[in-house]
Amino acid sequence: MEGCKFSGGRAKANLILSAGILQRAWTSISELERRRSTTDACPFVVDDTSPNSTTLVFLRHHVSAFIQRDQRRRLPLQTHPHFDFLTTNDNPSVSFNGTFLSVYLSFLQSTDFGDQACPTSTCFILRNNKQLIIVGEEEGGATAALCALWLLKNWSSPSLPLCITFDAPFVGGEELQKAVGTVEQWTAQFWHVTRRRYDWNFFSDSGRYKPFGTYFLISDSGCVCVDDPDSACELLQVKSPSSDGHFLDSDHGRRYFGLKKYGMLRKKLEKTPLSKSRYIEATGFQESLMVDLALQLDSAGIGFNHEEHQRLLQSMKQREVVAHLSHKSAPNASKRLNQVKKQMARLEWYKKECEAKNMTYYDCYKSRSTEKDMDVIKFKNILNNYWREKVEEAEDKPQLPDARMRVKWLFAGVTYKRMVEPLDIADHYRRTGRGDYTARRPRHYELLEKWYEEDDKKNKKEKKKEGKGTSLTDDSCFWAHVEEAALRLNELKKQGRIAGAKSKEDLWNELREFEGYVMKSVDNYELSPEVFLDNSSFMEWWKEYEKELEPGYSSPFVAFMKDTRYVHYK
């Protein structure tokens, strides 16, 4: 295992601790729990005193009182449409701890938090330039986690909210664990701070519920971050008495530890540098991985003499080895993307060579008259295979643009769609000579287009008119519309001679719809100037279409073409 890049959980934990974020979160909880009356109806408080962040605190006493009052202590796992965005084809149902789901839904109904349109609502106010941190302890922490999950879909600020819980029970089943785990960024947005405790059922309800996110385990020996949910489960289940010699098996015991002990332990750890943490005798360990994992166990309060030490050590080692081998065998995503971009560069060069011949690359490829035209088939197939695979991977992630595909890949995918789909359209009409491309359009193109439009809508991007055409036509189906217009024009010329043909009126209506479509694209500078090259199939269609126009007929499109204003469209 020489050179294995294992988790480094101790270093990460100390880095987080030294940043002071956990301290501020705990201070907000402690002060607000102490000041807030249990008779207050609202279960949360907004702390906006920090210049860099806004803290949303869910109060444990209020959530606990709600559960006791409405007798919701032991509700079964449940699903809800609010969280359907977490589902995928492989993970079609995501269930939650029914108790805390009920609490959170009641909270949404009884407060203004869910009213995103109202400028005075809490959710609207939280949408400022500050980082939002959602915190809570125990039952309050569980509700905070559900709030953070809900905001994954209902949040428009650039940075996602950070959720920090203290000794919070698990809020979902295995499906929720899988859903969050598929998006690396989401895992990093949930920090669960806890100390191993005797009452494992408080966390998992006899194993029905599973952890997700990053666990920050603390003990008298130190602290460690655990990203792997299976390892977190194992470590939390290890029974050990508290440092005071009694088990934390009652609500009073948990609360006493929370208010009195956690703050003291945090201060102690902050004053203990990583280099001065407890030394573990590494004699007998042949691998650096084993030493690191042993130190992580010690930081979690499971020392070398603990009866579970060797079992946990071997179990964690096996997971690290599997993860390392999987990472090592998986292709580097950025490297693969760069290789794909080389194929795109070859197509861009081909496009320029075609334009130098006063032809579009669409028409050159469709005619297949040179060896270079044939070479394009290979480039196209490489790109299609890559992006079909990427889209399939993205479909297995929750139903949000940010979750499915990172912006870097999404924009690369849209550029690919605009460059390559015209080639697939050329293949279709060259092979069949018939229409129906849009009805048979490959699914990965449709999804790339859909996700890009969702990203546009979410980020409220406005298309800017730059006064010039684009390098690639925005609508990658443009040439399919040209081919359909050519077929309609041919039907119009052969009116009465084709069995089952459309009426003359219907054909003219479709052709005039095409006129409007082209003119709108021109006005918005969404067409590539190559469309108006003399030898393009679009210009060939126009020459034939102009002959069929009735005397005196005019339209914005016809005037644009007859006045040759397209020569200035650059």
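Residues numbered from 1 in each chain as written. Predicted model: local features only at pLDDT ≥ 70, side-chain atom pairs only at ≥ 80, totals over all residues. Heavy atoms only, no water.

**Brief notes about the overall build of the chain**
The secondary structure content of the chain amounts to 23 helices and seven strands. The proportion of buried residues among the 570 residues of the chain is 51%. Taking the intrachain contacts of the chain between residues at least 6 apart in sequence as the baseline, contacts between residues at least 24 apart amount to 72%. Total accessible area on the chain stands at roughly 27,900 Å², and carbon and sulfur atoms take up 49% of it. (Helix = DSSP H or I, 4+ residues; strand = E, 2+ residues; numbered from the N terminus. Buried < 20%, exposed > 50% of the residue type's maximum accessible area, 1.4 Å probe, protein only. Contact = heavy atoms within 4.5 Å. Areas by Shrake-Rupley, 256 points an atom, 1.4 Å probe, with all protein chains shown as cover.)

**Looking at the nonpolar core**
Counting residues in hydrophobic clusters, the biggest one holds 64 residues, and the most contacted among them are Phe 532, Phe 538, Trp 541 and Phe 557. Sort the elements by how many residues they give to this core and helix α18 (residues 407-432) lands first, with ten residues. In terms of nonpolar packing, the next biggest core, distinct from the first, is built from 41 residues, Phe 44, Ile 67, Leu 132 and Val 171 among them. (Core = buried A, V, L, I, M, F, W, Y, C linked by side-chain atoms within 4.5 Å.)

**Let's talk about the side chain of Ser 555**
By the secondary structure assignment, Ser 555 is in the loop between α22 (537-548) and α23 (556-562). We classify Ser 555 as buried; its relative accessible area is 13%. A distance of 2.6 Å separates the side chain of Ser 555 from the side chain of Glu 515, its partner in a polar contact. (Polar contact = N/O pair within 3.5 Å; in protein donor to acceptor, adjacent residues only side chain to side chain.)

**Considering the packing of aromatic side chains**
This model, assessed by the stated rule, comprises 30 aromatic pairs. A centroid spacing of 4.6 Å and a plane angle of 45 degrees characterise the contact between Phe 83 and Phe 96, whose relative ring orientation is tilted. Within this pair, whereas Phe 83 is found in the loop between α3 (60-69) and α4 (98-110), its partner Phe 96 is found in the loop between α3 and α4, the two being separated by 13 residues in sequence. Take Phe 83: its relative accessible area is 1%, and that puts it in the buried class. Ring geometry for Trp 541 versus Phe 557: centroids 6.1 Å apart, planes at 45 degrees, classification tilted. (Phe/Tyr/Trp six-rings, centres within 6.5 Å; stacked < 30°, edge-to-face > 60°.)

**Description of the packing of helix α20 (residues 478-493) against helix α21 (residues 504-523)**
Relative orientation and spacing of two packed helices are given, respectively, by the angle between their axes and the distance between those axes. Between α20 and α21, whose axes approach to 10 Å, the crossing angle comes to 150 degrees. Comparing their axes, α21 and α20 come out roughly antiparallel. The interaxial crossing formed by α20 with α21 has left-handed handedness. On α21, the residues touching Phe 478, His 481, Val 482, Ala 485, Arg 488, Leu 489, Glu 491 and Leu 492 of α20 are Lys 504, Leu 507, Trp 508, Glu 510, Leu 511, Phe 514, Tyr 517 and Val 518. Here the contact of α20 with α21 is built from residues that sort into eleven nonpolar, one polar and four charged. (Axes fitted to C-alpha atoms, helices over the stretch in contact; angles between N-to-C directions. Parallel < 35°, antiparallel > 145°, perpendicular 65-115°, else oblique. Left-handed = near helix turned anticlockwise from the far one by under 90°. Nonpolar A, V, L, I, M, F, W, Y, C, P; charged D, E, K, R; others polar.)

**So, the packing of α20 against α22**
Where α20 contacts α22, the two axes come as close as 10 Å, and the packing angle between them is 30 degrees. As far as their axial angle goes, α22 and α20 are roughly parallel. The hand of the α20/α22 crossing is left-handed. Together, Phe 478, Trp 479, Val 482, Ala 485, Ala 486, Leu 489 and Lys 493 of α20 and Ser 537, Phe 538, Trp 541, Glu 544, Tyr 545 and Glu 548 of α22 make up the contact between the two elements. Taken together, the residues that form the contact of α20 with α22 break down as nine nonpolar, one polar and three charged.

**Some points on the sheet that holds strand β2 (residues 53-58)**
The strand order β1-β2-β3-β4-β5-β6-β7 describes an open sheet built from seven strands, whose pairing is mixed. Either end of the sheet is taken by a strand with one partner, and the two such strands are β1 (44-47) and β7 (222-226). The average undirected angle you get between the axes of adjacent strands in this sheet is 20 degrees. Of the pairings in the sheet, the one linking strand β4 (residues 162-166) to strand β5 (residues 190-194) comprises four bridges and is parallel in character. (Pairing = 2+ DSSP bridges.)

**A closer look at the pattern of salt bridges**
Here the structure, examined in full by the defined rule, presents 23 salt bridges. Measuring nitrogen to oxygen at the nearest pair gives 3.9 Å for the salt bridge that ties Arg 488 to Glu 510. Taken as a pair, Arg 488 in helix α20 and Glu 510 in helix α21 lie far apart in primary sequence, 22 residues in all. Glu 540 is paired through a salt bridge with Lys 543; the nearest N and O atoms lie 3.8 Å apart. With Glu 540 and Lys 543 both in helix α22 and three residues apart, this pair spans about one turn of that helix. Residue Lys 543 is classed as partly exposed on the basis of its relative accessible area, which comes to 38%. One salt-bridge network, held together by shared partners, links Arg 368, Lys 380, Asp 424 and Asp 427. (Salt bridge = Lys/Arg side-chain N within 4 Å of Asp/Glu carboxyl O.)

**Comments concerning the environment of Thr 470**
Within the secondary structure layout, Thr 470 lies in the loop between α19 (443-458) and α20. Looking at Thr 470, the relative accessible area reads 22%, which means it is partly exposed. With 56 residues separating them along the chain, Thr 470 and Glu 526 place their C-alpha atoms 6.1 Å apart. Those residues in contact with Thr 470, other than ones at most four positions away along the chain, are Tyr 525, Glu 526, Leu 527, Ser 528 and Pro 529. In terms of polar contacts, Thr 470 uses its side chain to reach the backbone carbonyl oxygen of Leu 472, at 2.5 Å.

**Focus: a positive patch on the surface**
A grouping of Lys 335, Lys 342, Arg 346 and Lys 378 is seen on the molecular surface, where their side chains present a positively charged patch. Looking at the positive patch element by element, the count peaks at three residues for helix α14 (residues 333-356). Within the element layout of this structure, Lys 335 appears in helix α14. (Patch = residues over 30% accessible without salt bridge, like charges linked within 9 Å, V, L, I, M, F, W, Y side chains within 5 Å. Lys, Arg positive; Asp, Glu negative; His and termini not counted. Charge placed at Lys NZ, Arg CZ, Asp CG, Glu CD.)

**Quick look at the state of the cysteines**
When the sulfur atoms of two cysteines share a covalent bond, that bond is a disulfide. Per the counting criterion, the structure on display carries zero disulfides. Cys 225 carries a free sulfur, and the closest cysteine sulfur to it, the one in Cys 223, is 7.5 Å from it. Cys 225 sits in the buried class, given a relative accessible area of 4%. Sulfur of Cys 364: no disulfide; nearest cysteine sulfur belongs to Cys 354 and is 3.4 Å away. (Disulfide = S-S within 2.5 Å.)

**Considerations on the confidence of the model for the chain**
Here the chain averages 79 in pLDDT, and 76% of its residues register 70 or above. Long-range and interchain partners of residues 241-260, a stretch whose pLDDT sits below 50, account for 33 contacts in this model, where long-range means more than four residues apart. Counting contacts from residues 274-286, a segment whose pLDDT is below 50, to residues more than four positions away or on other chains yields 16 contacts. (pLDDT = per-residue confidence, 0-100.)

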